[in-house]
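Listed below are the residues making up each chain.
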Amino acid sequence: DYETIRELNEKVGRFYVPLGLAAHLMRWGVSEANIYEMDWWQETAFDNLLLACVPMRHFSGRAITDRNATLWAGWVIKSEDHAVIHTGDSGYGPHFKKIGEKYGPFDFTMVECGQYNENWKLIHMMPEETVQAHQDMQGKYLIPIHWGRFNLALHPWKDPAIRVSAAANENDVALITPRVGKTLTLNPSPRSSGWWRNAD
């Protein structure tokens, strides 16, 4: 997103991106020296953190001529004591189990849950698959993402939260659904407030 990158450019020192995105950022004013492009399963270190670019199942492009011209990915961040993952967009598949085997267990997983439809389930998970992906990756807490902001699909606004909550309960998964912008502390153990139940 052009406006987001312009805002971040003077506030961050480095941009870690999937293959093919450096050209976009440079065109938008980011110095090439601050951009690190990464392929799936590629790792790098930043201070005492391990950053890993991991495969997801989606696509890239906004026009007819740029389909799959850049790579899509999820991101693992690990320290000596903690590990988290942000999946980005993805359909469900065996890559989640591979990620869990290589980098898990995770203190929490941020897993796509929203903007789904049976016609495009190869690129966006159903909420029940969100819970399964979390389990595959050996996560402790699940934070569903990619819901509650924009309506890009035909399902009702609350449907992702309702369905992922039910699936988490059925599978004894610790679910966290913080409000946007809320600070999250994992000690003591957080609880999901269900704030969305009363939202319009």
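Residues numbered from 1 in each chain as written. Predicted model: local features only at pLDDT ≥ 70, side-chain atom pairs only at ≥ 80, totals over all residues. Heavy atoms only, no water.

## Quick look at the overall build of the protein
- Each helix and strand in the protein was counted, giving five helices and nine strands.
- For the protein, the α and β elements follow one another from N to C terminus as α-β-α-β-β-β-β-β-α-β-α-β-α-β.
- Compactness check: the protein gives a C-alpha radius of gyration of 17 Å against a globular reference of 16 Å for 200 residues, within 12% of the reference.
- By principal-axis analysis of the C-alpha atoms, the protein measures approximately 45 × 40 × 30 Å.
- Buried positions account for 43% of the 200 residues belonging to the protein.
- Looking at the protein alone, contacts between residues at least 24 apart form 58% of all its contacts between residues at least 6 apart. (Helix = DSSP H or I, 4+ residues; strand = E, 2+ residues; numbered from the N terminus. Rg over C-alpha atoms; globule rule 2.2 N^0.38 Å. Buried < 20%, exposed > 50% of the residue type's maximum accessible area, 1.4 Å probe, protein only. Contact = heavy atoms within 4.5 Å.)

## Structural notes on the sheet that holds strand β7 (residues 106-112)
- Taken together, the seven strands give an open sheet; going across it, the order is β3-β4-β5-β6-β7-β8-β9, and neighbouring strands pair in mixed fashion. The sheet terminates laterally at β3 (43-46) and β9 (174-175), the two strands that pair on one side only.
- Both strand β5 (residues 74-78) and strand β6 (residues 83-86) contribute to a ladder of four bridges, which runs antiparallel. Bridging from a neighbouring strand, Trp-75 pairs with His-86 of β6.
- Strands in contact with helix α4 (residues 127-136) are β7 and β8 (139-145); relative to β8, the strand with the most contacts, it is inclined by about 145°. (Pairing = 2+ DSSP bridges. Axes fitted to C-alpha atoms, helices over the stretch in contact; angles between N-to-C directions.)

## Observations concerning the pairing of β3
- Direction of pairing for β3 relative to strand β4 (residues 49-54): antiparallel, over a ladder of four bridges. Across the sheet, Ala-45 pairs through a bridge with Leu-50, a residue of β4.
- Counting the residues between successive antiparallel strands, the hairpin from β3 to β4 contains two residues, one of them, Asp-47, with a positive phi of roughly 55°.

## A word on the layout of surface pockets
- Size it by volume and the second largest pocket reaches roughly 270 Å³.
- Sorting the residues of the lining of the second largest pocket by element identifies β4, β5 and β6 as the ones contributing at least two each.
- Taken together, the residues of the lining of the second largest pocket sort by class into ten nonpolar, one polar and one charged. (1 Å grid on protein atoms, 1.4 Å probe; cavity = no way out; pocket = protein on both sides within 12 Å on 5 of 7 lines; lining within 4 Å. Points joined across faces, edges and corners; volume = space filled by probe spheres on them. Nonpolar A, V, L, I, M, F, W, Y, C, P; charged D, E, K, R; others polar.)

Take it as geometry only, folks, not as evidence of what the structure does.
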